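An overview of the molecular structure
If you want the building blocks of each chain, they are given just below.
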Amino acid sequence: MAININKYAEDAHVFLREVAQELGGRDDIDHAARVTVAVLHTLREKISVEESIHLISQLPLILKGVYVDGWDITREFMSEANTLDEFLYEIREHAPRTAERDFGDNQQTRENVMAVLRVMRNYVSEGEMNHIKQQMPKSIAVLFE
């Protein structure tokens, strides 16, 4: 069985184009990718390993790799964020060199996170998104609405 790498790349590119559109209609795939990586890496620190596996099983293959890149599954629940502001801070911490440009203030960070989550809903089942939301403190779960 041959591996169609171009198809996997195109699937990821489609996802990132959708994120770019949600981020304001710009065709800035690099910006969309940086925001997506920060969101995925922050989510994986906030949800269980089992929930992470369910989540990534529904993402395009390359985004599965992005999700697990640098992931230490022995350090479950590394995120200590209990408030929305703390969670948004952690998002920006996952993009330290570009945080100001990619996220700006809390309001922009919140909008960017919600943009990625809206696109994820096109790929991830409603049930799975609800499971992830349920693992979040209520102040953070508002991002999933």
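Residues numbered from 1 in each chain as written. Predicted model: local features only at pLDDT ≥ 70, side-chain atom pairs only at ≥ 80, totals over all residues. Heavy atoms only, no water.

Observations regarding the overall build of the chain
Condition: Numbering goes from the N terminus for both helices and strands, where a helix is a DSSP run of H or I of at least four residues and a strand is a run of E of at least two. Each radius of gyration is computed over the set of C-alpha atoms, and the globule rule expresses the reference value as 2.2 Å times the number of residues to the power 0.38. Working rule for contacts: check all heavy atoms of both residues, and any pair within 4.5 Å makes them a contact. Methods summary: accessible areas were calculated by the Shrake-Rupley approach with a probe of 1.4 Å, and residue burial reflects only the protein chains presented. Positive charges come from Lys and Arg alone, negative charges from Asp and Glu alone, with His and the N- and C-terminal ends not counted. Here the site of a charge means atom NZ of a Lys, CZ of an Arg, CG of an Asp or CD of a Glu.
On a plain count of helices and strands, the chain comes out with 9 helices and 0 strands. Taken from the N to the C terminus, the helices and strands of the chain come in the order α-α-α-α-α-α-α-α-α. Rg of the C-alpha trace for the chain: 14 Å, near the compact-globule value of 15 Å for 145 residues, within the 12% margin. Based on the C-alpha atoms only, the size of the chain along its principal axes is roughly 45 × 35 × 30 Å. When contacts within the chain are restricted to residue pairs at least 6 apart in sequence, those whose partners lie at least 24 apart make up 65%. Carbon and sulfur atoms make up 50% of the accessible area of the chain, which amounts to about 7800 Å² in all. Taking the average place of the 16 positive charges on the side chains of the chain and the average place of its 25 negative ones, the gap between the two points comes to 2 Å.

A look at the pattern of salt bridges
Between side chains of opposite charge, a pair can form as their charged atoms come close. We apply this condition: Note on definitions: salt bridges are taken to be side-chain nitrogens of Lys or Arg within 4 Å of carboxyl oxygens of Asp or Glu. We call a residue buried when its accessible area falls under 20% of the maximum for its residue type, exposed when it is over 50%, and partly exposed in between, using a 1.4 Å probe and counting protein chains only.
Overall, the coordinates contain 5 salt bridges when judged by the stated rule. Among the ionic pairs, Lys7 bridges to Asp11, the shortest N-O distance being 2.9 Å. Taken together, the residues Lys7 and Asp11, both in helix α1 (residues 5-22) and 4 residues apart, mark about one turn of the helix. Exposure remark for Lys7: the relative accessible area of 45% places this residue in the partly exposed category. Arg17 is paired through a salt bridge with Glu10; the nearest N and O atoms lie 3.3 Å apart. The partly exposed category is assigned to Arg17, whose relative accessible area is 32%.

Here we look at the packing of aromatic side chains
The following threshold applies: Aromatic rings from Phe, Tyr and Trp, with only the six-membered ring used for Trp, were paired whenever their centres fell within 6.5 Å, and each pair was classed as stacked if the ring planes differed by under 30 degrees, edge-to-face if by over 60, and tilted otherwise.
The full count for this structure, using the stated rule, is 2 aromatic pairs. On the basis of an interplanar angle of 90° and a centroid distance of 5.5 Å, the ring pair of Tyr67 and Trp71 is categorised as edge-to-face. What makes Tyr67 buried here is its relative accessible area of 0%.

Considerations on the environment of Val142
With respect to the element layout, Val142 can be found in the segment after α9 (138-141). As for Val142 and Leu84, which are separated by 58 residues in sequence, their C-alpha atoms are 8.6 Å apart. Leave out the neighbours within four places in its chain, and Val142 touches Leu84 and Arg110.

Things to note about helix α8 (residues 126-134)
Note the cut-off: As used here, the arc belongs to the directions running from the helix axis to the C-beta atoms.
Considered for burial, the residues of α8 that qualify are Glu128, Met129 and Ile132. Seen from one end, α8 has its buried residues packed into an arc of 100°, which puts them on one side. Exposed residues pointing more than 90 degrees away from the buried face of α8 are listed as Glu126 and Gln134. Elements in contact with the buried residues of α8: α2 (29-44), α3 (49-56) and α7 (106-120).

These values are about where atoms sit, not about what they do.
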